[in-house]
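Take a look at the letters that make up each chain.
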Amino acid sequence: MYQQQSKVSQAANLFLRKTWIHKYRMLAFGLGVWFFLRFVAAYAYRLQLGYTDTAGFLELIDRKGLFQPLRGDYFRSARGLVPLINTGPEKICSVIPFTNFGDPSFFGIHPYLIATPISAISWLLPFSTVYIAALFLAVSVVLGLGSVCLFLKKLAISRLTITFLTISLLAYPVLVQSLGGQAYFDRLMFGPGILLVLLVWWSKYRSLSVWKWICLCGVVLALISERGAALASLLMIGYLLLLHGKACFRSPELRRVLVLGLAIFGYLATWALRWQAYDSYGQISFTLMRSRAADLFSDSLFPMTKVFLLTSLGFFILSLFAGRAFLILLISMASNLLISVGGAELTGFGTHYHQTYLPVVIATAAIGLLNLDQWLRGMGTNQPAKLLRLFVG
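Let me sum up the structure you'll find in this document. The model shown is predicted, which means the values in this text are computed figures rather than measured ones.

Conventions we followed
Residues numbered from 1 in each chain as written. Predicted model: local features only at pLDDT ≥ 70, side-chain atom pairs only at ≥ 80, totals over all residues. Heavy atoms only, no water. Helix = DSSP H or I, 4+ residues; strand = E, 2+ residues; numbered from the N terminus. Expected span 1.5 Å × (residues − 1). Buried < 20%, exposed > 50% of the residue type's maximum accessible area, 1.4 Å probe, protein only. Contact = heavy atoms within 4.5 Å. Axes fitted to C-alpha atoms, helices over the stretch in contact; angles between N-to-C directions. Parallel < 35°, antiparallel > 145°, perpendicular 65-115°, else oblique. Left-handed = near helix turned anticlockwise from the far one by under 90°. Nonpolar A, V, L, I, M, F, W, Y, C, P; charged D, E, K, R; others polar. Patch = residues over 30% accessible without salt bridge, like charges linked within 9 Å, V, L, I, M, F, W, Y side chains within 5 Å. Areas by Shrake-Rupley, 256 points an atom, 1.4 Å probe, with all protein chains shown as cover. Salt bridge = Lys/Arg side-chain N within 4 Å of Asp/Glu carboxyl O.

The terminal C-alpha atoms of helix 13 (residues 252-275), which comprises 24 residues, lie 33 Å apart, in line with the 34 Å expected from a rise of 1.5 Å per residue. Regarding helix 13, the residues found buried are Leu 254, Val 257, Leu 258, Gly 261, Ile 264, Leu 268 and Trp 271. Looking at the buried positions of helix 13, the neighbouring elements they touch are helix 10 (211-224), helix 11 (226-244) and helix 12 (247-250).

Given below as structure tokens:
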């Protein structure tokens, strides 16, 4: 009888424990949804504070963008005003009759192909264009940070370490100012970019079954902009070859990823050589490289350079432990430092140009943290190892 009561008691305790765990998870899920919606609302308010290119971003993803893809009066007018702005007051009257406002299509400036599916969603959902834009931007941020946390959790990194890294990312001024600054298409690269780096790593050290997700992330990046296509090509060709070597040609899954990466690069090259007509894009020369390097330490830019170096140092040190991914990080940063990908790369952290390398910085830092943790676990039980493991979880 006592044994039966004990079994009943154990069953009741187990039921109550499962019930409380279920309620706890539901409460955590509810709080997460509430926080996300508040985050979207805050982002939507931020979008209305005013940035010039943000107006064009909102116009291209508006409902009418579904029927008039990549066409907008804002960008057409802005392009027509550039010669007027660059002309002195004594000659402006003679320039006005010859001002060419150009083709209203924006494809020749930047191929923001993702604007059309976002316009379709704007047409289907009963929300304002500003809220739709904020929703997509917030999803990209959550996807990026969530991918890092889930990646480290799956690989048995302690919760304390994951929490510390997350707090460090949320306090990283380059990242915070970039995500909270000028709302634009390149902001959408953040989540897919981080996820693509981690998936390519996963295909080497865990499982090739993620190859379909690698392809999906690459396509999404290519649809966002030509900068997204460049990042996708770098990761799906360069990083894939660095990790897998000759296996890329033997494995059918890796061959598919490589072929898609080459197709994305072909699309990027075709657009750049045949359709691109933006004067500030793609400039590369030794003179420009020297000028950019000198500008970084000039009186006007050195404070920004100092903030970038000091606040990024910890992430760069972690990235050193990411092995071959560190080389990909250096290449991704070269686009802003050595060539022009739009003309305003060095005007501050609030521009959208930093999304060409920030996803790689964060993803390689996570990989480096994982490798460092595994290395320290293999050092044995001596006191220095214990002390070091205390700081990395």
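So, on to the packing of helix 9 (residues 190-205) against helix 11. Packing of helix 9 against helix 11 brings their axes to within 10 Å, and their N-to-C directions diverge by 20°. By the angle between their directions, the pair helix 9 and helix 11 is classed as roughly parallel. For the element pair helix 9 and helix 11, the recorded crossing hand is right-handed. Residue-level inspection shows Gly 193, Leu 196, Val 197, Val 200, Trp 201, Ser 203, Lys 204 and Tyr 205 of helix 9 in contact with helix 11, the latter providing Leu 231, Ala 232, Leu 235, Met 236, Tyr 239, Leu 240, Leu 243 and His 244. Residues belonging to the contact of helix 9 with helix 11 are distributed by class as follows: twelve nonpolar, three polar and one charged.

The subject of this paragraph is a nonpolar patch on the surface. Together, Leu 313, Ile 317, Leu 320, Phe 321 and Trp 375 make up an exposed nonpolar region whose accessible area comes to about 510 Å². It is helix 15 (residues 302-320) that provides the largest number of residues to the nonpolar patch, a total of three residues. Tracing the backbone through its elements, the reader meets Ile 317 in helix 15. With a relative accessible area of 41%, Ile 317 lands in the partly exposed category.

The end-to-end C-alpha separation of helix 9 is 23 Å, in line with the 22 Å expected for 16 residues at 1.5 Å each. All of the buried residues in helix 9 are Phe 190, Gly 191, Pro 192, Gly 193, Ile 194, Leu 196, Val 197, Leu 198, Leu 199, Val 200, Trp 201 and Ser 203. Along its buried surface, helix 9 packs onto helix 6 (129-154), helix 8 (173-180), helix 10, helix 11 and helix 17 (358-377).

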